[in-house]
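Inside the fold
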Amino acid sequence: MLTARDLSVNYGSKPVLRGVDLTAHPGQLTAIVGPNGSGKSTALKAVTGELPFIGDVRLSGMDVAHARPGDLASVRAVLPQFTPLAFPFTVLEVVRLGVSRGATFNCDQIVNEALHRVGLDGYQGRYFQELSGGEQQRVQLARVLVQVWQPVGDDGPRWLFLDEPVSSLDIGHQLQIMQVARTFADMGGGVIAVMHDLNLTAMFADKVVLFSNGGVVSQGTATEVFTDDMLMQAYGCRIAVSMAPSSGPFILPQTAALNI
Amino acid sequence: MANLSESYSNRLAEGDRSRGARRLGFALIVLLAVACMSGLAVGASDTSLWHALFDYVRGEDISRRDQIVLWDIRLPRVIMGCLVGAALAVSGAVLQGLFRNPLADPGIVGVSAGASLGAVVVIVLGGMLPFAALLGPWLISVSAFVGAWSATMVLYRIATRRGCTSVATMLLAGIALAALAMALTGVLVYLADDAQMRDFTFWNMGSLAGASWSRLTIAVPLISLPLFLSPLLARGLNALALGEAAAGHLGLEVQRLKQGAILIVAGATGAAVAVSGGIGFVGIVVPHLLRLVNGPDHRYLLVNSALLGAALLLLADLLSRTIIAPAELPIGIITAFVGGPFFLWILLRQRSVVDL
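Residues numbered from 1 in each chain as written. Chains lettered and ligands numbered in written order. Predicted model: local features only at pLDDT ≥ 70, side-chain atom pairs only at ≥ 80, totals over all residues.

Some words on the overall build of chain B
Looking only at helices and strands, chain B has 15 helices and two strands in total. Pairs at least 24 residues apart make up 81% of the contacts formed inside chain B by residues separated by at least 6 positions. (Helix = DSSP H or I, 4+ residues; strand = E, 2+ residues; numbered from the N terminus. Contact = placed C-beta atoms within 7 Å.)

Remarks on the sheet that holds strand 4 (residues 54-59) of chain A
Residues and elements named next belong to chain A. Sheet architecture is open: four strands sit in the order 2-1-4-5, paired in antiparallel fashion. Only two strands of the sheet have a single neighbouring strand rather than two, namely strand 2 (14-24) and strand 5 (62-63). Bridge count for strand 4 against strand 5 is two bridges, and the pairing is antiparallel. Each residue of the ladder has a partner; that of Arg 58, found in strand 5, is Asp 63. (Pairing = 2+ DSSP bridges.)

Some thoughts on the interface of chain A and chain B
Often, the extent of an interface is quoted as the loss of accessible area upon association of its parts. With 29 residues of chain A at the interface, the matching set in chain B holds 25 residues. Of all elements in the fold, only helix 2 (69-75), strand 6 (76-79), helix 3 (91-96) and helix 4 (107-117) of chain A reach the threshold of two or more residues within the side of chain A that touches chain B. Classifying every residue of the side of chain A that touches chain B by side-chain character gives 14 nonpolar, 11 polar and four charged. (Nonpolar A, V, L, I, M, F, W, Y, C, P; charged D, E, K, R; others polar.)

Focus on the confidence of the model for chain B
All names here are of chain B. Per-residue pLDDT for chain B averages 83, and the proportion of residues at 70 or more is 88%. Note on residues 1-11: pLDDT under 50 across the span, and five contacts to partners over four residues away in sequence or across chains. The low-confidence segment residues 352-356, where pLDDT is below 50, has two contacts with residues more than four positions distant or belonging to other chains. For this predicted complex, the interface confidence reaches an ipTM of 0.91, while the overall pTM sits at 0.88. (pLDDT = per-residue confidence, 0-100.)

Comments concerning the nonpolar core
Of all hydrophobic cores here, the largest spans 190 residues; its most connected members are A:Ala181, B:Ala87 and B:Ala271. With 18 residues, the single largest contributor to this core is helix 3 (residues 64-99) of chain B. The contact partners of B:Ala271, leaving out residues within four places of it in the chain, are B:Ala87, B:Ser141, B:Ala144, B:Phe145, B:Ala219, B:Leu222 and B:Ile223. (Core = buried A, V, L, I, M, F, W, Y, C linked by C-beta atoms within 7 Å. Buried ≥ 20, exposed ≤ 12 C-beta atoms within 10 Å, placed from the backbone.)

So, the packing of helix 1 (residues 18-41) of chain B against helix 14 (residues 298-322) of chain B
Residues and elements named next belong to chain B. At a minimum axis distance of 9 Å, the contact between helix 1 and helix 14 shows a crossing angle of 25°. In terms of axis orientation, helix 1 runs roughly parallel to helix 14. Considering how the two elements wind past one another, helix 1 and helix 14 form a crossing that is left-handed. Here the contact of helix 1 with helix 14 is built from residues that sort into 17 nonpolar, five polar and two charged. (Axes fitted to C-alpha atoms, helices over the stretch in contact; angles between N-to-C directions. Parallel < 35°, antiparallel > 145°, perpendicular 65-115°, else oblique. Left-handed = near helix turned anticlockwise from the far one by under 90°.)

Some points on the packing of helix 3 of chain B against helix 14 of chain B
All names here are of chain B. Axis separation between helix 3 and helix 14 bottoms out at 7 Å; the angle between their running directions is 140°. The pairing of helix 3 with helix 14 is recorded here as oblique in orientation. Between helix 3 and helix 14 lies a crossing whose hand is right-handed. Counted together, Val 78, Gly 81, Cys 82, Val 84, Gly 85, Ala 86, Leu 88, Ala 89, Val 90, Ala 93 and Gly 97 of helix 3 and His 298, Leu 301, Leu 302, Ser 305, Ala 306, Leu 308, Gly 309, Ala 310, Leu 312, Leu 313, Leu 314 and Asp 317 of helix 14 form the full contact between these two elements. In terms of residue class, the contact of helix 3 with helix 14 is built from 16 nonpolar, six polar and one charged.

What to know about the pairing of strand 11 (residues 207-212) of chain A
Strand residues, when the strand is regular, have side chains that alternate between the two faces of the sheet. Residue and element names in this part refer to chain A. Most of strand 11 sits out of view: five of its six residues are buried. Bridge analysis of strand 11 against strand 12 (residues 215-220) gives five bridges, and the strand direction is antiparallel. By the bridge assignment for strand 12, Ser 212 is matched with Gly 215. Turn length for the strand 11-strand 12 hairpin, with the two strands adjacent in sequence and antiparallel, is two residues, and the turn residue Asn 213 shows positive phi of about 55°.

Re the sheet that holds strand 3 (residues 29-33) of chain A
Residue and element names in this part refer to chain A. Spatial strand order, 6-9-10-3-11-12: six strands in an open sheet with mixed pairing. Both edges of this open sheet fall to strand 6 and strand 12, since each of them pairs with a single strand only. This sheet shows a mean twist of 15° between the axes of neighbouring strands, independent of strand direction. Helix 6 (residues 171-186) rests against strand 3, strand 9 (159-163) and strand 10 (190-194) of the sheet, and its axis sits at about 150° to strand 10.

See the structure below:
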């Protein structure tokens, strides 16, 4: 379980996150949504230990602020929004970076299977830098998947932290990648994803945390969080929420902007 | 998991260049051996390695002159060439991995200039420094190391903001630091007396001519230690190619890696510059060539860089002492003649790809 209590982050003297409480459970896909600059990515960076923070964050009992990088890496993997790569590595070499040092499994099998899951069969020999932005993002996701290959390890559940995993992808690959994350959660792992697409969020997330202005304004299931009023308050524009019979709420932006 | 295709196993994965890199490593060992033998066999004197070996095997005495030429002149020089070439190439590879940029080189970003300054300080002010007597023959090397270390630290501090190292800042700051170090060096040279000036000038020209067994007793431990430790950085430098944050998420102790890399670069460069003066461009040419052939995996790049750097420097040294024999062309001139155009070629070729 991931718990963050009274989590605050400042950039210099400017507070970007103010007293956030957050919990996420293994076996669930938790989505963090909210407008640009609301603190979503900052919250993700704090709970992964990348940013210094004030407050208390525990991941599977580990104190994130003081845990060793190696211990954290064995239970959680992080997909950044953008991963710049130095030097001409091939796709295979990039994904292999996710293989931990003491790995006992057949690493090439796992690497190939991970590439298959993100829809990049046959890309092993391509140069990473030659790929499109969306393909690069999927290569990085394959690397991240390899790092926590078993959703539940001997020592408990593993975690995936995804910062806008599908923002640069076409709709087909968006669905494919969200399904990969969904499967990871269904197999007992924990997934926390910063999302922009509210419809995908409603379709795949068990729990939604809505950020606005450096704090959490609402959390619960998509049906509970995605209401006309709540979304208008957070995003500052008119959004109509309807219910689809099969997949729950769907969100339709309206033309006239209110506060812009 | 169970339904994974069998076809994955029993064949070399596409995109896997590790086998090629290992093969190249063996080829480089052969090249280095050839370079070492050539370094022993060829020189200004007509002493023949083969005759000497032949005589030795037959149990006959080798002439005293041949003994001196082979044992006291050529062999130390070959060993020194191996060490310095390996040190410069590995320093380049590590520095490039640390800065995540193929243009980083101890000579270009001011690390060598820092080492020079360190060396000059003790050559000129040696008598006045309180700890000079304590360090004895290690003095110049230790001081060059401190100079290289300080330059690398300052450079890294300036170029790194919030965990991101800016390449443009690094190159510009490196040039500024190098200019500053050279200016300070100039001041010290200006203050120096004739004997000190002579010491410095010979040292600064960049040459392996000063190689001797007594110098080797200092150079061997100082250079080999960072060389043998450098493979420990390999996995970390690979992860660092993804950026510091992603490397940390992979479980890497980023700060420790950076400190280790800086110590290794400063140690290897400092010691190499201390014993051989300013020999440029080995650190940039060698790793770049190897990356072109077998990719950037540092587990192979560092070892192969050491081998190729050693072999290339030996060959350059061979040129330097035979081109205008019995006089010698400083080896730094030869490496600059080859390395300068090569560096420009990399810049032109990568201008579109690498955004400075």
